[in-house]
Structure formats: C-alpha cells, structure tokens
Amino acid sequence: MAKFKRAITYGTFDMFHVGHLELLKRIKNHAEEIVVAVSTDDFNTIKGKKTIIPYAQRAQIVEAIRYVDRVIPEHSWEQKLEDIRKYQIDALIMGDDWEGKFDFLKPYCEVIYLPRTKDISSTELKETLKAISCVNVRELNHALEILTRIKENLE
Ligand code: C2G
C-alpha cells in the first residue's frame with residue numbers, strides 16, 4: 001500500500017529517458033497518485049536550461065507514462081506551495097540532485113529525495129549526439145577529399 005495519497009514532482013523531462021522513467025516509477029511506490037509539473041519553455045529559459053523538445057511534446061510524453069495521473073505546467077520556482085495546496089499534495093518527491101533544496105516546504109508536506117539514476121541525463125544525451133555528428137562531419141570531409149582527388153586524377 002503506497003504511503004501517500006498524492007505526490008508531486010517537478011522537472012524539464014527533456015529527451016525523456018530511463019532516468020526520468022525510473023524516478024516516476026519510484027515515486028509511484030510512495031504514492032497512489034502522481035502529479036508532474038513539467039517546466040515550460042519560458043521557465044527553462046529562467047532556469048538557464050536549453051531544451052530540444054518543446055513543452056507541449058514534453059508534457060504529452062510525461063502524460064502518457066502509466067505512473068502519471070496529471071501533468072501541470074511549471075511556470076516558476078515560486079509555485080510549489082500553491083500547487084501543494086491546490087492539488088492537496090501529501091509529498092513532494094524529487095531526485096537527490098535536489099537534496100535539501102525544497103526542505104522549506106516540509107511544514108506543508110513530506111519532502112523526499114530519491115537517488116538519481118546513474119549515467120544518464122538529457123545533457124549527456126545531447127553531448128553524445130553532438131559527438132556523433134562531429135565524427136560524421138569529419139568522415140564526410142575525408143570522403144569528400146578522396147572523391148575530389150579521384151575527380152582531379154580523372155580530368
Ligand atoms: N532524474 C533522475 N535521474 C536522472 C536524471 C534525472 O532521477 N538520471 C530526476 C531529477 O532528479 C529530477 C527529475 O528526474 O527529479 C527531472 O529531471 P530534469 O528533467 O533534469 O528536471 P530539473 O531540471 O531537475 O528540474 O523545480 C524543479 C525543477 O523544475 C527540476
């Protein structure tokens with residue numbers, strides 16, 4: 001039996017990956033219902049976070065996850081207390097890269113930090129894609145040099 005009726009978590013959830021999935025799955029072990037506040041594109045600008053996938057698609061993907069009961073937009077750092085009251089939240093649950101950052105909400109609901117999933121993040125995925133495209137560009141340039149030389153030899 002889950003300990004809490006309703007939990008909330010906040011995040012960008014860009015390039016949805018298994019780290020996000022594992023967190024939502026673990027939150028489901030603690031709560032019957034999960035509300036996920038997905039950071040809007042404007043709020044990500046405030047957070048200094050560049051995203052690949054626009055808010056509407058990030059929210060759509062999170063909404064389709066079977067552990068999730070409701071998705072709301074995260075517009076600001078300051079909305080958490082209002083959300084806790086509005087959605088009758090019993091627990092705010094985040095990955096432990098946020099350890100301690102939301103303890104100020106402890107008078108209003110349980111605040112729990114769960115271990116992050118290692119070796120995966122949207123940032124690492126973007127770095128990997130960048131590296132792959134750099135390799136491809138180098139290989140394409142090399143191939144172009146060879147083809148240019150062949151063409152010159154044929155003339
Ligand atoms: N997460 C995780 N394991 C990973 C990556 C992320 O457990 N490998 C967790 C994070 O700890 C966070 C959630 O997944 O709880 C969403 O992560 P992000 O999309 O990176 O969200 P973030 O930028 O941390 O935004 O107001 C709070 C912020 O909106 C949180």
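Cut-offs used in this document
Residues numbered from 1 in each chain as written. Predicted model: local features only at pLDDT ≥ 70, side-chain atom pairs only at ≥ 80, totals over all residues. Heavy atoms only, no water. Phe/Tyr/Trp six-rings, centres within 6.5 Å; stacked < 30°, edge-to-face > 60°. Helix = DSSP H or I, 4+ residues; strand = E, 2+ residues; numbered from the N terminus. Buried < 20%, exposed > 50% of the residue type's maximum accessible area, 1.4 Å probe, protein only. Lys NZ or Arg CZ within 6 Å of the ring centre and 35° of its normal. Pairing = 2+ DSSP bridges. Axes fitted to C-alpha atoms, helices over the stretch in contact; angles between N-to-C directions. Contact = heavy atoms within 4.5 Å. Core = buried A, V, L, I, M, F, W, Y, C linked by side-chain atoms within 4.5 Å.

(A) Spatial organisation of the packing of aromatic side chains. Throughout the structure, instances matching the rule amount to four aromatic pairs. Geometrically, the ring pair formed by tryptophan 77 and tryptophan 98 is tilted, given 5.9 Å between the ring centres and 50° between the ring planes. Taken together, the residues span a long stretch of sequence, with tryptophan 77 in the loop between strand S3 (70–74) and helix H4 (80–86) and tryptophan 98 in the loop between strand S4 (91–95) and strand S5 (110–114) at a distance of 21 residues. Judged by its relative accessible area of 36%, tryptophan 77 falls in the partly exposed class. Plain terms: the ring middles of tryptophan 98 and phenylalanine 102 are 5.3 Å apart, the flat faces sit at 25° to each other, and that makes the pair stacked. A relative accessible area of 5% means that phenylalanine 102 is categorised as buried. Among the aromatic residues, those joined into a ring-pair cluster are Phe43, Trp77, Trp98 and Phe102. Across the ring face of tyrosine 10, the terminal group of lysine 80 is positioned such that the distance to the ring centre comes to 4.5 Å.

(B) Local environment of the sheet that holds strand S1 (residues 4–11). Overall, parallel pairing links the five strands, which are arranged S3-S2-S1-S4-S5 in an open sheet. What marks the edges here is a single partner per strand, and that holds for S3 and S5. Mean inter-strand twist for the sheet, computed between neighbouring axes without regard to direction, equals 30°. By the bridge criterion, five bridges tie S4 to S5 in an arrangement that is parallel. Looking across to S5, one finds that methionine 94 is bridged to tyrosine 113. The sheet strands contacting helix H1 (residues 18–30) are S1, strand S2 (31–39), S4 and S5, and the helix crosses S2 at an angle near 145°. Packing against the sheet, helix H3 (residues 55–63) makes contact with S2 and S3, and its axis sits at approximately 170° to S2.

(C) Focus on the nonpolar core. Judged by nonpolar contacts, the single largest core of 20 residues is most densely connected at Leu24, Ile27, Val36, Val62, Val68 and Ile93. The set of elements that each furnish at least two residues to this core consists of S1, H1, S2, H3, S4 and S5. In terms of residue count, the dominant contributor to this core is S2 (four residues). Excluding residues within four positions of it along the chain, valine 36 makes contact with Thr9, Phe13, Leu24, Val62, Val68, Arg70, Val71 and Ile72. Judged by nonpolar contacts, the second largest core, of 15 residues, contains Tyr10, Ala37, Met94 and Leu105.

(D) Just the environment of lysine 28, in detail. With respect to the helices and strands, the residue lysine 28 is situated in helix H1. Classification of lysine 28 by relative accessible area gives partly exposed; the value is 26%. Expressed as a C-alpha distance, the spacing of lysine 28 and arginine 6, which sit 22 residues apart in the sequence, is 9.5 Å. Leaving out residues up to four positions away in the same chain, lysine 28 has contacts with Ala2, Glu33, Ile34, Tyr67 and Asp69.

(E) Quick peek at the pairing of S4. Within S4, five of the five residues are buried, leaving the element largely enclosed by the surrounding structure. With two bridges joining them, S1 and S4 adopt parallel strand pairing. Directly across from isoleucine 8, in S4, lies its bridge partner leucine 92.

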